[in-house]
Amino acid sequence: MRKTLYLKFLLAYVIFGFFGFVAVATFVYSMTLEHLKREKADSLYREATLVANTYASDLYNNQASLDAVKTQLDVLDTYLSSTVWIINPSGRIILDSSAPVEIDNPIIIENFDPTVTAGSYYTVGNFFQTFSEETLSVFAPITSHFKVNGYVVIHTPMTTVENSANSLLNISYILLIIMLLLSMIILFFFTEMVYIPLRKITYATEQYAAGNMHYEFQVESEDEMGYLAASLSYMANEIAKSEDNQKKFIANVSHDFRSPLTSIKGYLEAMLDGTIPPEIHEKYIQIVLNETERLTKLTNGLLQLNNLNTKGMLLNRSDFDINQMIRNTAATFEGICQNRLIGIELVLTGEQLTVNADPDKIQQVLYNLLDNAIKFSHNDSIIKIETTEKSSKVLVSVKDNGIGIPKDSLKLIWDRFYKTDLSRGKDKKGTGLGLSIVKEIIRTHGENVNVVSTEGVGTEFIFTLSKVDDDDD
């Protein structure tokens with residue numbers, strides 16, 4: 001397509017030049033010749049009329065001699081480079097500027113007819129077989145007392161007019177060549193601004209079609225072509241990112257499923273072949289049970305994320321007390337907190353703070369955030385849960401004084417299966433889906449969730465909910 005498009009443009013350029021020369025050689029030449037012929041005829045007619053009203057009229061009125069008039073005609077012949085005749089209506093030439101006066105041997109034009117001009121004042125031809133080449137002949141009548149006594153006829157070869165037309169035609173050719181050369185600028189701009197960027201874009205699409213989504217190209221342009229290239233590049237980057245995420249997702253799922261399955265298989269085989277004695281089977285059966293719970297949790301998390309990502313998912317919204325939900329959620333972690341000497345401090349605004357959301361999903365958000373906070377908190381530390389009002393929103397904060405999140409990981413913690421190196425070392429049972437579920441639930445509600453963390457100091461998660469005024473109850 002690229003070569004064909006460029007060749008078509010070049011072919012159109014060549015055709016334009018060809019027909020330009022054809023137009024100049026035919027239409028322009030004929031129009032120029034016709035214009036010069038009329039202009040020459042007008043000029044000669046003015047001279048012929050002047051002669052008819054002066055010298056020729058004086059001759060017929062016997063006020064000037066033949067020799068005197070002949071002298072004037074010779075001067076006019078030299079000035080106009082044309083032959084001047086005075087001719088009778090019968091066709092007899094009285095005076096000829098190109099020949100001496102012949103009274104005894106007059107020249108008579110056979111079949112002379114002054115109406116040959118057909119209502120005009122000039123004619124083109126051989127003038128009644130008098131000339132061997134085409135001649136432009138102009139008639140001006142010599143009148144006296146409303147009677148035509150004769151005619152002043154001025155002849156000039158058509159070759160003179162044609163030579164002038166050819167000279168102008170050469171100028172037209174030169175102008176056409178200059179125009180074609182200048183139009184090369186258009187070809188240059190087409191090549192630089194359209195063809196080359198389009199070739200890059202087309203090659204890029206071929207690369208993307210072949211599966212090379214990481215192919216990079218750049219079009220330095222701020223017009224539609226540059227926008228198209230940028231959009232195509234952005235699309236390819238998004239597809240590549242999606243493919244990379246898909247591969248990463250599959251790798252993470254495989255890893256997180258393979259680890260517990262390997263443990264389950266290993267322990268069961270060891271119990272079957274006697275490596276693990278029967279008296280301690282209960283211990284390892286409990287380990288196997290824990291691993292199956294981990295697989296169940298992982299599977300449920302994946303299913304839940306898939307449901308959360310389903311377009312058009314409906315939320316079961318209702319008004320509920322977020323403070324009471326926080327108290328209930330904190331109570332479920334009482335046992336593990338006592339074992340690790342972790343305290344949960346509740347700083348809640350008012351006895352009751354009503355919000356509008358899906359209570360089941362918001363409870364899971366609180367559970368995941370609090371579970372995360374406990375998991376990464378040091379023993380004998382405090383976790384603070386706080387609610388505040390701001391305009392029409394309620395801000396819920398879960399803050400711990402644990403190990404914190406490395407700066408490089410802050411943008412990645414929302415990705416599925418992502419675990420920081422610190423979390424992998426501290427907790428092997430996490431699925432890496434908790435924060436992804438939190439992000440999806442809050443996003444589905446049309447709210448925001450943010451994180452502030454300093455490595456070695458602690459982490460704070462803050463999310464918003466729509467507040468319901470008590471006056472609305």
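Whatever comes next refers back to the structure up there.
To keep things clear, this report deals only with the structure shown in the data block. (Residues numbered from 1 in each chain as written. Predicted model: local features only at pLDDT ≥ 70, side-chain atom pairs only at ≥ 80, totals over all residues. Heavy atoms only, no water.)

### Side note on the sheet that holds strand β4 (residues 122-125)
Under the convention used in this document: Note on pairing: two strands pair once DSSP finds at least 2 bridges between them. In DSSP terms, a helix is any run of H or I states spanning at least four residues, a strand is any run of E spanning at least two, and both are numbered starting from the N terminus. Residue contacts are defined here by distance: any two heavy atoms, one from each residue, within 4.5 Å place the two residues in contact. Here an angle of 0 to 180 degrees is reported between the N-to-C directions of two axes, which are lines fitted to C-alpha atoms, with helices fitted over the stretch in contact.
The strand order across the open sheet formed by six strands is β3-β2-β1-β6-β5-β4, and the pairing between neighbours is antiparallel. What marks the edges here is a single partner per strand, and that holds for β3 (107-108) and β4. Lying over the sheet, helix α4 (residues 158-209) contacts β4, β5 (135-144) and β6 (147-157), oriented at roughly 50 degrees with respect to β6.

### Structural notes on the environment of Asp371
To keep things clear, this is the line we draw: Between buried and exposed lies partly exposed: a residue is buried under 20% and exposed over 50% of the maximum accessible area for its type, with that area taken using a 1.4 Å probe on protein chains only.
Turning to its location among the elements, Asp371 is positioned in helix α9 (residues 359-375). Look at Asp371 and you get partly exposed, because its relative accessible area is 21%. Counting along the chain gives 349 residues from Asp371 to Val22, while the straight-line C-alpha distance between them is 87 Å.

### Points about helix α3 (residues 66-80)
Under the convention used in this document: How far a helix is expected to stretch is found by multiplying one less than its residue total by 1.5 Å. This arc is built from the directions going out from the helix axis to the C-beta atoms.
Compared with an ideal rise of 1.5 Å per residue, which puts 15 residues at 21 Å, α3 spans 20 Å between its outermost C-alpha atoms and is within 8% of the ideal. Listing the buried residues of α3 in full gives Val69, Lys70, Leu73, Leu76, Asp77 and Leu80. For α3, the angular spread of buried residues about the axis comes to 125 degrees, placing them on one side. Opposite the packed face of α3, turned more than 90 degrees from it, sit the exposed residues Asp67, Val75, Thr78 and Tyr79.

### Re the packing of α9 against helix α11 (residues 434-444)
We apply this condition: The sense of a crossing depends on the near helix, which, turned anticlockwise from the far helix by less than a right angle, makes the crossing left-handed and, turned clockwise, makes it right-handed. Side-chain classes follow a simple rule in which Ala, Val, Leu, Ile, Met, Phe, Trp, Tyr, Cys and Pro form the nonpolar group, Asp, Glu, Lys and Arg form the charged group, and the remainder, Gly included, forms the polar group.
Axis separation between α9 and α11 bottoms out at 9 Å; the angle between their running directions is 145 degrees. Both α9 and α11 take part in a crossing whose hand is left-handed. Side by side, α9 and α11 meet where Lys361, Ile362, Gln364, Val365, Asn368, Leu369 and Asn372 of the first sit next to Gly434, Leu435, Ile437, Val438, Ile441 and Ile442 of the second. Taken together, the residues of the contact of α9 with α11 break down into eight nonpolar, four polar and one charged.

### Section: the packing of aromatic side chains
Two numbers describe a pair of aromatic rings. These are the distance of the centres and the angle of the planes. Test applied: Pairing of aromatic rings covers Phe, Tyr and the six-membered ring of Trp, with a centre-to-centre limit of 6.5 Å; geometry is then stacked below 30 degrees between planes, edge-to-face above 60, and tilted otherwise.
Scanning the entire structure with this criterion turns up 16 aromatic pairs. Note on Trp85 and Phe127: the rings are 5.6 Å apart at their centroids and 75 degrees apart in plane angle, and the pair reads as edge-to-face. Of the two residues, Trp85 is situated in strand β1 (residues 83-87) and Phe127 in the loop between β4 and β5; the sequence distance between them amounts to 42 residues. Across this residue pair, the class does not change: Trp85 and Phe127 are buried.

### Quick notes on the side chain of Ser233
Here Ser233 shows up in helix α5 (residues 224-272). Beyond its immediate sequence surroundings of up to four residues, Ser233 is in contact with Tyr208 and Phe217.

### Details of the pattern of salt bridges
For clarity, the threshold we go by: Salt bridges are counted wherever a side-chain nitrogen of Lys or Arg sits within 4 Å of a carboxyl oxygen of Asp or Glu.
A complete count under the given rule lists nine salt bridges for this structure. Note that Lys70 and Asp74 form a salt bridge whose closest N and O atoms lie 2.7 Å from each other. In this pair, Lys70 and Asp74 both sit in helix α3, four residues apart, roughly one turn of the helix. Asp74 sits in the partly exposed class, given a relative accessible area of 27%. Glu440 is the salt-bridge partner of Arg443, the closest N and O atoms lying 2.9 Å from each other. Of the two residues, Arg443 and Glu440 are both situated in helix α11; the distance of three residues between them amounts to about one turn of the helix. Several salt bridges share partner residues, and in doing so they unite Glu34, Lys37 and Arg38 into one network.

### Some details on the nonpolar core
To keep things clear, this is the line we draw: Note on terminology: a nonpolar core comprises buried Ala, Val, Leu, Ile, Met, Phe, Trp, Tyr and Cys residues joined through side-chain atoms within 4.5 Å.
Counting 40 residues, the largest nonpolar core has Ile322, Ile362, Leu369, Trp414, Phe461 and Phe463 as the members making the most contacts within it. In terms of residues, this core owes the most to one element, α9, which gives seven residues. Not counting residues within four places of it along the chain, the set of residues in contact with Leu369 comprises Val398, Leu435, Val438, Phe461 and Phe463.

### Re the environment of Lys265
Checked against the element boundaries, Lys265 lands in helix α5. For Lys265, a relative accessible area of 52% gives the class exposed. Linking Lys265 and Val288, residues 23 residues apart in sequence, is a C-alpha distance of 8.8 Å.

### Thoughts on unusual backbone geometry
Look at Asn62: it is not a glycine, yet its phi comes out positive at around 60 degrees. Here Asn62 shows up in the loop between α2 (55-60) and α3. Look at Asn62 and you get exposed, because its relative accessible area is 72%. For Gln129, which is not glycine, the phi dihedral falls at a positive 65 degrees.

### Structural notes on α4
Going by this rule: The angle separating two fitted axes, one through the seven residues that finish at a residue and one through the seven that start at it, defines the bend at that residue.
At Thr191, α4 shows its largest bend, some 40 degrees. Directly beyond the C-terminal end of α4, a positive phi value near 100 degrees is found at Gly211.

### Notes on the pairing of strand β9 (residues 354-357)
Remark: a regular strand shows side chains that alternate across the two faces of the sheet. Pairing between strand β7 (residues 318-321) and β9: four bridges, direction antiparallel. Looking at the pairing, Asp319 lines up with Asn356 of β9. Judged from the two bridges that link them, β9 and strand β13 (residues 458-467) form a sheet pairing that is antiparallel. Note that in β13 the partner of Val355 across the bridge is Lys467.

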